[in-house]
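Chain by chain, the residues run as shown.
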Amino acid sequence: MADWMDALPEAARAYLEGRRLDEVECLVADLAGVARGKAMPAAKFAQQTHFYLPNSIFLQTITGDWVDDGSDFTEPDMILRPALDTATAAPWTGDWTLQVIHDIEDRDGAPIPVAPRNVLKRVVGLYAERGWTPIVAPEMEFFLVARNTDPNQPVEPPMGRSGRRAAARQAYSMSAVDEYGPVIDDIYDFAEAQGFEIDGILQEGGAGQVEINLRHGDPVKLADEIFFFKRLIREAALRHDCFATFMAKPIQDEPGSAMHIHHSVADSASGQNLFSTPGGGEAPAFRHFIGGLQTHLPSVIAVLAPYVNSYRRYVRDHAAPINLQWGIDNRTTGIRVPVSGPDARRVENRLAGMDCNPYLGIAASLACGYQGMLDGTDPAPQFTGNAYETPPDIPQILGESLDAFGAADTIRGVLGEEFCRVYEAVKRVEYQEFLQVISPWEREHLLLNV
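Residues numbered from 1 in each chain as written. Predicted model: local features only at pLDDT ≥ 70, side-chain atom pairs only at ≥ 80, totals over all residues. Heavy atoms only, no water.

Engineer: How do you make sense of a nonpolar patch on the surface when you look at a structure like this?
Structural biologist: A cluster of nonpolar side chains, contributed by Trp441, Leu446 and Val450, occupies part of the molecular surface with about 360 Å² of accessible area. With respect to the helices and strands, tryptophan 441 occurs in helix α12 (residues 440–446). (Patch = residues over 30% accessible without salt bridge, like charges linked within 9 Å, V, L, I, M, F, W, Y side chains within 5 Å. Areas by Shrake-Rupley, 256 points an atom, 1.4 Å probe, with all protein chains shown as cover. Salt bridge = Lys/Arg side-chain N within 4 Å of Asp/Glu carboxyl O. Helix = DSSP H or I, 4+ residues; strand = E, 2+ residues; numbered from the N terminus.)

Engineer: Just to check I follow, could you spell out the packing of aromatic side chains for this structure?
Structural biologist: Two aromatic rings are characterised by how far apart their centres lie and by the angle between their planes. What the rule picks out here adds up to 17 aromatic pairs. Residues phenylalanine 419 and tyrosine 423 carry aromatic rings whose centres are separated by 5.5 Å and whose planes lie at 40° to one another, so their mutual orientation is tilted. In this pair, phenylalanine 419 and tyrosine 423 are both assigned in helix α11 (residues 417–435), four residues apart and thus about one turn of the helix distant. You'll find phenylalanine 419 and tyrosine 423 in the same group, each marked buried. The structure contains a cluster of three or more aromatic residues connected by ring pairs, namely Phe196, Phe227, Phe228, Phe229 and Tyr359. The ring of phenylalanine 286 has arginine 345 sitting right over it, with the charged end atom 5.8 Å from the ring centre. One Lys or Arg, arginine 412, reaches over the ring of phenylalanine 405 and ends 5.3 Å from the middle of that ring. (Phe/Tyr/Trp six-rings, centres within 6.5 Å; stacked < 30°, edge-to-face > 60°. Buried < 20%, exposed > 50% of the residue type's maximum accessible area, 1.4 Å probe, protein only. Lys NZ or Arg CZ within 6 Å of the ring centre and 35° of its normal.)

Engineer: Any chance you could explain the packing of helix α7 (residues 284–304) against helix α8 (residues 358–375) here in plain terms?
Structural biologist: The geometry of a pair of packed helices is captured by two quantities: the angle between their axes and the separation between those axes. Between α7 and α8, whose axes approach to 6 Å, the crossing angle comes to 140°. Classified by the angle between their axes, α7 and α8 sit oblique to one another. Judged by the twist between their axes, the crossing of α7 over α8 is right-handed. Two secondary-structure elements touch here, α7 through Ala285, His288, Phe289, Gly292, Leu293, His296, Leu297, Val300, Val303 and Leu304 and α8 through Leu360, Gly361, Ala364, Ser365, Cys368, Gly369, Tyr370, Gln371, Gly372 and Met373. When its residues are assigned to classes, the contact of α7 with α8 shows 12 nonpolar, eight polar and no charged. (Axes fitted to C-alpha atoms, helices over the stretch in contact; angles between N-to-C directions. Parallel < 35°, antiparallel > 145°, perpendicular 65-115°, else oblique. Left-handed = near helix turned anticlockwise from the far one by under 90°. Contact = heavy atoms within 4.5 Å. Nonpolar A, V, L, I, M, F, W, Y, C, P; charged D, E, K, R; others polar.)

Now the structure itself:
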């Protein structure tokens, strides 16, 4: 790897121009989307083509416990090879550091099927086999909150530059964004140093809630960016004495944070948007993609809403879907079709929470649309009213979602059975861990009253 720096993206080379690289962080995303890996001196990184991590990193719960999935728990090593096209700066560090996402293989060179990035690559590959190119544009919602060092205390909005805490119900307010402008400035600066293009930043409806929109593009590249963005946003917040959280519902009575995913599919040969006919009308693929989402999304809610907290977001009239209806420019539906011209015709999946692993959330959503296109699934009629008035038709708790995921043979075949088996095992252990916890609500209302 003597000339490995010649293969770096332009932004990484610009970041290091005239400087000496000190350290390289070798990263992978685990099932939760947490960055795992190793940091090493740049000179050491330059001398090797790969390194090793045990496969047990994919058997770890969000609380740090380990899952016995019934396999031989000898923790065999996986081989991690740098994907140098992902190399990007870590501009918050005290020295000159690059982050590099690594591809994960077994000793025979085959992709490890449980690795989230490989799951997404698998689904994109299924599209490619049909001559289709999936395109996504994710939206990231998150909260800036006051430092919370005691988990027993409620989360509070951050203190703004006015000396007041950030206020709720200020959607799209520029003044609200200015309240924590220094954090936003660092987010912009970090993103620029890392070569990421932000399509827009706006204030959402919650107190201290921010939305960042990314340009549309390749699903794996966009998932990489979200993986990096979560890290840079947290670092920007810490610089200004607050936290950034991607919990689906961190503050009671406030709206939750989503990762809305806009989808389109192009013909790989011509680049034509398959959702539109040559004359500009709705193509069959457009309706079949929607039909696939309506049919199969209940099977993957456990991926799009992976924690017990995730289901607190699905609340009627709180800017989050409770249904699988679809409609044009209708934000009460779980599946929305934005107003656009034929070339930009797309479908927005509004069910994914910002707490999901971006690789897995995008993979699961694409899997549903893919199966609909494959099967020629017709959607229900377009919904034109207030979809919040319809009964919920998605699972309401994690246990129900896991049951649906466990029985979803079709989608498990798209995502990969080995991944699905391990994912379900990890999530069931997490759910059982949660059920052992007695909440303040239970102590307050049940201790002396029942």
